[in-house]
Amino acid sequence: MSYTGFLSSSRVSKEEREFYELKHRAAEYYRANGVPQKMEAVLNSMFYDKPDDVCGYLANYFSSFSKPPVIHRLLGKEVYDGKGHPTVQAEVLCIVSNVEKSICSAVISSHWEVPDCTAQDADTLDEDAKRATSVARALQWINEPLTAALERCEPADQRGVDKLLSDFLAARMLEEQDRQRREQEDGQLDDPAPAPTPPAQPPPASKEKKTSAKGKKGATVEKPIPPAEVPEPVLPGCMAIGAVSLAVAKTAAHFKGIPLYQHISALKQGQQSTRELHIPLPMVTVLSCGKSSPGKLNLMEEIIVIPKPAQPFKQVNFKILLDLRKEITRMINANSKTGLRVFLIVLQPVANTVSDAGALVIGYDRLEQPLDVISEASNTLGLSLGSDIHLAINCAAHKLMDYQKGKYEVSTGTCKSPDEMVNVYLDLTSRYPGVIALIDPLRKEDQEQWETLYRALGSRCYLVAEAASLPICSLLAEENLTIPGVSGLTMKQTNQTTVSDLIQITTRLEGNIFTINELSMYTMTPVLASCILHGMAVGLGVRFVKLGGLCHGERVTKYSRLISIEEELAQQGILGMAFSLYVFSTRRKR
C-alpha cells in the first residue's frame, strides 16, 4: 500500500498515522543527508577490515564528514603576568560535532609605560588603576560584544576574524574620541581655556661658560634638543583584541593537528606547503646595568649575548650560553669579598640579584666594565668574542634623558648631549668589535643623531629601534616603512596587535625583520618577541628571538620549547640554517 493510500485508509488509527508520518519524515531526512549510502559503505568496508574497535572505526569514518568547528563563545578571565600585573586571558569555546568544547586560550600583556620614566608612588598608583580599568573593560568586551561578533565564525578564517576584531576596535576608538571631544567642549563652556604652557627648555648656558668657550678653538654652542613626542594613546581594554586573535590562531592550529609555528607559516605563505623553516638566533640577556641597577652606570639596560649562527641550538649554542652564564656568576661570587679584577680594573661587588628579564643585576661605574667581564668569561671558556659569540646592548636611552639639562645621564654625574652620545657609541664599538647591535641608542626624537650614527656604524652594527619605534598598527598605516638611521625595529604583540598584523608587517618587511622578543621584536633586518614567542618567531620567519636570560623557570621553559621545535623540524627534514648565517655574512660585507 502506498504512503498516501495508507494514510487515507479509514481503518488506520490516529496513533498509527502519526507514527507512519514520523517514519516517513525520518527516511526523507536520512536520504537527504546521504546516511543510507554512507552506512552501507562503512559497513561493507568494516566487514573486510574487521577492526578490533568497531565503534572507533565508525567514529573515525563519520568524523571525516563532520562540519568544520565554529566558534560558539569566548570566555575572558583575569589572570596575572610574570610581573604580577593583572592581565586578560581569552578562551575560545567551539561547537565540535554538536558539542561545546573549550579548545585553547591565550594571554598577552598590556603595555603601560610612564613616558619620562620618573614615576613616583602616586604615578604608580595611577598606573595600577588604569591597568585595572583596562582589564575590566577587556573582560566585558570578550564576554559580551566580541562573543556575539565571532559566533559561528570558523577559527581557520584568521583574516576574517581579525577583520571583525579590528573593526570592533575602530568603532570603540571613534566612540572614545567623540566622548573626549564632548568633554572638552563642555569644559570650555564651564571654564575659559588656560593659556598653553610652553614646553620646558634646557637652561641657557651661563655667561662664564660662553666666555671660556670663546677662547677655545672649535667650541660650539650646543643645540637645544627636540621635545619629547606625546606617546600614542592606548585605548583601555584593547588587550582583548590581541588576546582573542592569538587564541583563535592557537585554536585553528589545534583543529589542524599541527604546531602553532606551522599554522602561522601556512597563513603567511597562503596555505602553501610548509617551506624550510629556521630557528631564529636567540638573543640572551646576561647582565643588566641600567638605571635601576646599583652603581653609577645607567646606559646598559641589557647586555645580550648572540651565539654563532649556523650551529644546532641544543647541542652547541644553548650549552655555550649556559656555560657563559655560569662562568660569569662564578667570577662574581668568587670575588664578592675582595672585589672583581678584570683587566687590571678592580670592580666593586654588589648584591647578586636577578632582573625580571632573567639577567644578573650588577652595579658598575664605567661602560667598559661589564663588557670586560663578559670578555674574561669568554676567554676562560675558550670562546672568541666576535666569532663564537656576539654582543648586543639595549641602551634604553629614552629612560636616561634629563630634559632640564637636555642631555643623557649615561652614569651618575656624567651627562652627554645627543651629539656626544654618537661619539660614545663609536668609541665603544671600535674598542669592542664583538658588539653587533645597539637597541634604542637614542630617543626617536633625535633623528639627526640616528642618521649620523647609522652612516658611521650601519655597515658593522645594527641600530635597532624598540621604544623609538611606532606601534605596529601605526607602522601598517605608513606607506614607507623605512626609517632613516634605523636598521632594525622591535615588534611587540601587545594590546590590539592581531596575528594578521604580525603577518602583514613581517611580509612587508621581508628580509628586514630583526627580532621578536618577549613582547615581540622585529627590525629592518629581522627579530621578534612575544608571549607565544617561539611558535610565532619560527612561523613568521624572523632571524632573532629575544627571550630574556637563562634564569626563572618560565624563561628557561621558552628556550626548552625552542629546542623542541628545532628537533621537530629536523625530524621532518625542513630545518634550515642558511637563513641565520645570512644575517652576519651580509652585514659584514657591506
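Criteria and cut-off values
- Residues numbered from 1 in each chain as written.
- Predicted model: local features only at pLDDT ≥ 70, side-chain atom pairs only at ≥ 80, totals over all residues.
- Heavy atoms only, no water.
- Axes fitted to C-alpha atoms, helices over the stretch in contact; angles between N-to-C directions.
- Helix = DSSP H or I, 4+ residues; strand = E, 2+ residues; numbered from the N terminus.
- Parallel < 35°, antiparallel > 145°, perpendicular 65-115°, else oblique.
- Left-handed = near helix turned anticlockwise from the far one by under 90°.
- Contact = heavy atoms within 4.5 Å.
- Phe/Tyr/Trp six-rings, centres within 6.5 Å; stacked < 30°, edge-to-face > 60°.
- Buried < 20%, exposed > 50% of the residue type's maximum accessible area, 1.4 Å probe, protein only.
- Lys NZ or Arg CZ within 6 Å of the ring centre and 35° of its normal.
- Polar contact = N/O pair within 3.5 Å; in protein donor to acceptor, adjacent residues only side chain to side chain.
- Core = buried A, V, L, I, M, F, W, Y, C linked by side-chain atoms within 4.5 Å.
- Pairing = 2+ DSSP bridges.
- pLDDT = per-residue confidence, 0-100.
- Arc of directions from axis to C-beta.

### Overview of the packing of helix H3 (residues 35–49) against helix H4 (residues 54–63)
- With their axes 11 Å apart at the nearest point, H3 and H4 run at an angle of 135 degrees to one another. Taken together, the axis directions place H3 and H4 in an arrangement best described as oblique. Crossing handedness for the pair H3 and H4: right-handed. For the pair formed by H3 and H4, the contact residues are Lys38, Met39, Ala41, Val42, Ser45, Met46 and Asp49 on the first element and Val54, Tyr57, Leu58, Tyr61 and Phe62 on the second.

### Looking at the packing of aromatic side chains
- A full pass over the atoms with the stated rule returns 9 aromatic pairs.
- Where Trp141 meets Phe168, the ring centres are 5.3 Å apart and the plane angle is 85 degrees; that geometry is what we call edge-to-face. Placement of the pair is Trp141 in helix H5 (residues 121–150) and Phe168 in helix H6 (residues 158–190), with a sequence separation of 27 residues. For the pair Trp141 and Phe168, a shared accessibility class is recorded, and that class is buried.
- Taken together, the ring pairs in this structure connect Tyr61, Phe62 and Phe65 into an aromatic cluster.
- For Lys50, the ring lying beneath its charged end belongs to Phe47, and the centroid distance is 4.0 Å.
- If you follow Arg172 out to its NZ or CZ, it ends over the ring of Phe168, 4.5 Å from the centre.

### Examining the side chain of Lys546
- Position of Lys546 among the secondary structure elements: in strand E19 (residues 544–548).
- Take Lys546: its relative accessible area is 7%, and that puts it in the buried class.
- Reaching out from Lys546, the side chain makes a polar contact with the side chain of Glu302 at a distance of 2.9 Å.

### What to know about the environment of Gly539
- One can find Gly539 in helix H16 (residues 533–540).
- For Gly539, a relative accessible area of 0% gives the class buried.
- Look past the residues within four positions of Gly539 in its chain and what remains in contact with it is Tyr261, Ile264, Ser265, Lys268 and Arg275.

### Comments concerning the nonpolar core
- Counting residues in hydrophobic clusters, the biggest one holds 119 residues, and the most contacted among them are Leu146, Val244, Leu287, Leu299, Met300, Ile328 and Leu438.
- With 10 residues, the single largest contributor to this core is helix H8 (residues 239–256).
- Setting aside its immediate chain neighbours within four residues, Leu438 contacts Ile393, Cys395, Tyr425, Leu457, Cys461, Tyr462, Leu463 and Val464.

### Focus on the pairing of strand E1 (residues 70–80)
- Across 10 bridges, E1 lies against strand E2 (residues 86–96) in antiparallel orientation. Across the sheet, the residue bridging to Lys77 is Gln89, located in E2.
- Connecting E1 to the antiparallel partner E2 that follows it, the hairpin turn spans 5 residues, and Gly84 within it adopts a positive phi of roughly 85 degrees.

### Here we look at unusual backbone geometry
- You will see that Lys50, though not glycine, has its phi angle at about 45 degrees, which is positive.
- Here Lys50 shows up in the loop between H3 and H4.
- Unusually for a residue other than glycine, Arg152 sits at a positive phi of about 75 degrees.
- With respect to the secondary-structure elements, Arg152 resides in the loop between H5 and H6.
- By relative accessible area, which is 56% here, Arg152 ends up exposed.

### Some points on the confidence of the model for the protein
- When pLDDT is averaged along the protein, the result is 81, and 79% of the positions lie at 70 or above.
- In the model, residues 112–121 has pLDDT below 50 throughout and makes 14 contacts with residues more than four positions away in sequence or in other chains.
- Ignoring residues within four places in sequence, the model shows residues 205–216, a span with pLDDT below 50, making 2 contacts including any to other chains.

### Brief notes about the sheet that holds strand E3 (residues 99–108)
- Taken in spatial order, the 3 strands of this open sheet run E1-E2-E3, and their pairing is antiparallel. Edge strands, defined here as strands with exactly one partner in the open sheet, are E1 and E3. Direction aside, the axes of adjacent strands within the sheet are offset by 25 degrees on average.
- When E2 meets E3, the two strands line up antiparallel, connected through 9 bridges. Directly across from Leu93, in E3, lies its bridge partner Ser102.
- Together, E1, E2 and E3 form the strand contacts of H8, whose direction differs from that of E3 by roughly 130 degrees.

### Points about helix H13 (residues 447–457)
- Taken as a whole, H13 has its buried residues at Gln449, Trp450, Leu453 and Leu457. One face of H13 carries all of its buried residues, which in axial projection span an arc of 105 degrees.
- Contacts from the buried residues of H13 go to helix H12 (418–431), strand E15 (435–439) and strand E16 (462–465).

### Regarding the environment of Ser487
- You can see Ser487 is positioned in the loop between helix H14 (472–476) and strand E17 (488–491).
- Side-chain polar atoms of Ser487 contact the backbone nitrogen of Leu463, separated by 2.6 Å.

### Description of the sheet that holds strand E14 (residues 414–416)
- The sheet built from 3 strands is open, its strands ordered E12-E13-E14 with antiparallel pairing. The strands lining the two open edges of the sheet, one partner per strand, are strand E12 (401–402) and E14.
- Both E12 and strand E13 (residues 407–411) contribute to a ladder of 2 bridges, which runs antiparallel. If you follow Asp402 over to E13, its bridge partner there is Lys407.

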